[in-house]
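# Fold and geometry: a report
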Amino acid sequence: MPFDFRRFDIYRKVPKDLTQPTYTGAIISVCCCLFILFLFLSELTGFITTEVVNELYVDDPDKDSGGKIDVTLNVSLPNLHCELVGLDIQDEMGRHEVGHIDNSMKIPLNNGAGCRFEGQFSINKVPGNFHVSTHSATAQPQNPDMTHVIHKLSFGDTLQVQNVHGAFNALGGADRLTSNPLASHDYILKIVPTVYEDMSGKQRYSYQYTVANKEYVAYSHTGRIIPAIWFRYDLSPITVKYTERRQPLYRFITTICAIIGGTFTVAGILDSCIFTASEAWKKIQLGKIH
């Protein structure tokens, strides 16, 4: 007797003349297909869309930076002449630079009465500060006005990623125009290293930061008021890493199979219950007639 390979068929076919179509089954089948289509499109959208996940760890992510962080500063002082405005940098490694001018630009405002300072410079990865003041001016003004607006203060690479909402420019838009003109402003920054890794594995290094500020009137040893805008910073040992990921293909296929199989199974159970109840109701009605 020849071996019949068809015995291994677990999907046995029922002849059409032994099946019975119903309106209820047709409605459930259409709803079932629409529901499967909706879930399929939802899963497909999730599979195509890039997911950004984040993690925290203790490390120095950008070891090739030479222990330095790039800083971008853009601040307007509408009541202080440009020849009086200067940038000073100092830190715990002994750096003390007065009147930093490299990669900086001063733009006159209000017909020369004010100044907009734009600068790019680097700081060491140790606690320190940089401040905008009149310390580097050849002659100190009698009443320097340090009211200001900070347009931008950022560290490291600029990250313009839609799915990442971090404090990369936390001081952007800070308005101190109504403050005491002779007051000094202290911005205490806690800088958090941030790494963004895209789908190709390329990494960009930036820094988020939190900020607290205070305002006070400071006097020199001669009794003169010499206000300044101080940015005092310290680095956090915690690094935030954002990584672009996509759902694996095998997981997408597994989910689609689960959607199709589960939907058809539930729809089949529902249809069977409705059909059984309908047949039982018909028998009850026939029994009442007889």
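Residues numbered from 1 in each chain as written. Predicted model: local features only at pLDDT ≥ 70, side-chain atom pairs only at ≥ 80, totals over all residues. Heavy atoms only, no water.

Counted only if it meets this: UniProt positions are given in the numbering used here, feature names are shortened, and annotations may be inferred rather than shown by experiment.
The chain carries the name Endoplasmic reticulum-Golgi intermediate compartment protein in an unreviewed UniProt entry, which gives Erinaceus europaeus as its organism. Note on the chain: under the UniProt heading Sequence similarities (unreviewed entry), the record states "Belongs to the ERGIC family." According to the UniProt record, the Function (unreviewed entry) comment for the chain reads "Plays a role in transport between endoplasmic reticulum and Golgi."

### Side note on the overall build of the chain
What counts, and what does not: Numbering goes from the N terminus for both helices and strands, where a helix is a DSSP run of H or I of at least four residues and a strand is a run of E of at least two. The globule rule used here is 2.2 Å times the number of residues to the 0.38 power, and the radius of gyration it is set against is calculated over C-alpha atoms. Each residue's exposure class comes from its accessible area (1.4 Å probe, protein chains only) as a fraction of the maximum for that residue type: buried when under 20%, exposed when over 50%, partly exposed otherwise. Note on contacts: a residue pair is in contact if any heavy atoms of the two residues lie within 4.5 Å. For the area figures, the Shrake-Rupley method with a 1.4 Å probe applies, and any residue is considered shielded solely by the protein chains shown. The charge count includes Lys and Arg as positive and Asp and Glu as negative, but it does not include His or the ends of the chains. Every charge is mapped onto a representative atom, which is NZ of Lys, CZ of Arg, CG of Asp or CD of Glu.
Along the chain, the regular secondary structure elements total two helices and 13 strands. Here the C-alpha radius of gyration of the chain, 35 Å, is well above what a compact globule of 290 residues would show, namely 19 Å. By the burial criterion, 34% of the 290 residues in the chain qualify as buried. In the chain, of all internal contacts separated by at least 6 residues, the share reaching a separation of at least 24 is 80%. As presented, the chain carries roughly 18,000 Å² of accessible surface, and 59% of it is formed by carbon and sulfur atoms. When the 26 basic and 29 acidic side-chain charges of the chain are each reduced to a single mean position, those positions are 11 Å apart.

### Some thoughts on the state of the cysteines
For the record, the criterion: Only a pair of cysteine sulfur atoms within 2.5 Å counts as a disulfide in this structure description.
Applying the stated criterion across every chain yields a total of one disulfide. The structure places no disulfide on Cys31, whose sulfur is separated from the nearest cysteine sulfur, that of Cys32, by 8.8 Å. Not engaged in a disulfide, the cysteine Cys32 finds its nearest cysteine sulfur in Cys33; these two sulfurs lie 5.5 Å apart. Among the residues examined, Cys32 registers a relative accessible area of 4% and is labelled buried.

### Focus on the pairing of strand 13 (residues 238–245)
Operational definition: Strands were regarded as paired on the criterion that DSSP finds at least two bridges between them.
Bridge analysis of strand 1 (residues 51–58) against strand 13 gives eight bridges, and the strand direction is antiparallel. Bridge pairing in strand 13 links Val52 to Glu244. Pairing between strand 10 (residues 184–197) and strand 13: four bridges, direction parallel. If you follow Tyr196 over to strand 13, its bridge partner there is Tyr242.

### A short note on a nonpolar patch on the surface
Quick note on the threshold: The patches described consist of residues with a relative accessible area above 30% and no salt bridge, like charges being joined within 9 Å and nonpolar side chains (Val, Leu, Ile, Met, Phe, Trp, Tyr) within 5 Å. Basic side-chain nitrogens of Lys or Arg form a salt bridge, by our definition, when they fall within 4 Å of a carboxyl oxygen of Asp or Glu.
A contiguous nonpolar surface patch, about 260 Å² in accessible area, is contributed by Leu37, Phe40 and Leu41. Structurally, Phe40 can be placed in helix 1 (residues 23–48). Judged by relative accessible area, which is 33%, Phe40 ranks as partly exposed.

### A short note on the packing of aromatic side chains
Here is the rule we go by: Think of it this way: a Phe, Tyr or Trp ring, Trp meaning its six-membered ring, pairs with another when their centres are within 6.5 Å, and the plane angle makes it stacked under 30 degrees, edge-to-face over 60, tilted otherwise.
Throughout the structure, instances matching the rule amount to seven aromatic pairs. Measuring from centroid to centroid gives 5.2 Å for Phe121 and Phe130, while their planes differ by 75°, and the two rings are edge-to-face. Overall, the relative accessible area of 6% leaves Phe121 in the buried class. Taking 5.2 Å as the distance between ring centres and 20° as the angle between the ring planes, the aromatic pair formed by Phe130 and Phe231 counts as stacked. You can see Phe130 sitting in strand 7 (residues 128–133) and its partner Phe231 sitting in strand 12 (residues 228–235), a full 101 residues away along the chain. What makes Phe231 buried here is its relative accessible area of 1%.

### Re the environment of Leu77
Tracing the sequence through the fold places Leu77 in strand 2 (residues 68–77). With near-sequence residues (within four places) excluded, Leu77 lies in contact with Val85, Gly114, Cys115, Val132, Met146, Thr147, His148 and Ile229.

### Focus: the nonpolar core
Condition: The term nonpolar core refers to a set of buried residues drawn from Ala, Val, Leu, Ile, Met, Phe, Trp, Tyr and Cys, joined through side-chain atoms within 4.5 Å.
The biggest cluster of nonpolar side chains holds 33 residues, and the ones touching the most others in it are Phe130, Leu153, Phe155 and Phe231. Elements supplying a minimum of two residues to this core: strand 2, strand 3 (86–91), strand 6 (114–124), strand 7, strand 8 (149–156), strand 10, strand 11 (203–216) and strand 12. Residues within four places of Leu153 in sequence aside, it is in contact with Val71, Thr72, Leu73, Phe130, Phe168, Asn169, Leu171, Leu189, Tyr209 and Phe231. Listed in part, the eight residues of the second largest apolar core include Leu159, Val161, Val164 and Val240.

### Structural notes on helix 1
Cut-off, in case you're wondering: Helix span, as expected, comes to 1.5 Å for every residue beyond the first.
Taking 1.5 Å per residue as the helical rise, helix 1 with its 26 residues ought to reach 38 Å, and the 38 Å between its terminal C-alpha atoms agrees with that figure. The set of residues buried in helix 1 consists of Gly25, Ile28, Cys32 and Ile36.

### Regarding the side chain of Asp91
Selection criterion: Two N or O atoms form a polar contact when they lie within 3.5 Å of each other; inside protein one atom must be a possible hydrogen donor and the other a possible acceptor, and for residues adjacent in sequence the pair counts only when both atoms belong to side chains.
With respect to the helices, strands and loops of the structure, Asp91 is situated in strand 3. Despite its burial, Asp91 pairs with no opposite charge; the closest candidate is Arg95, at 4.9 Å N-O. A distance of 2.9 Å separates a polar atom in the side chain of Asp91 from the backbone nitrogen of Met93. Once you skip the residues sitting within four places of it in the chain, Asp91 turns out to touch Asn124, Val126, Pro127, Gly128 and Tyr233.

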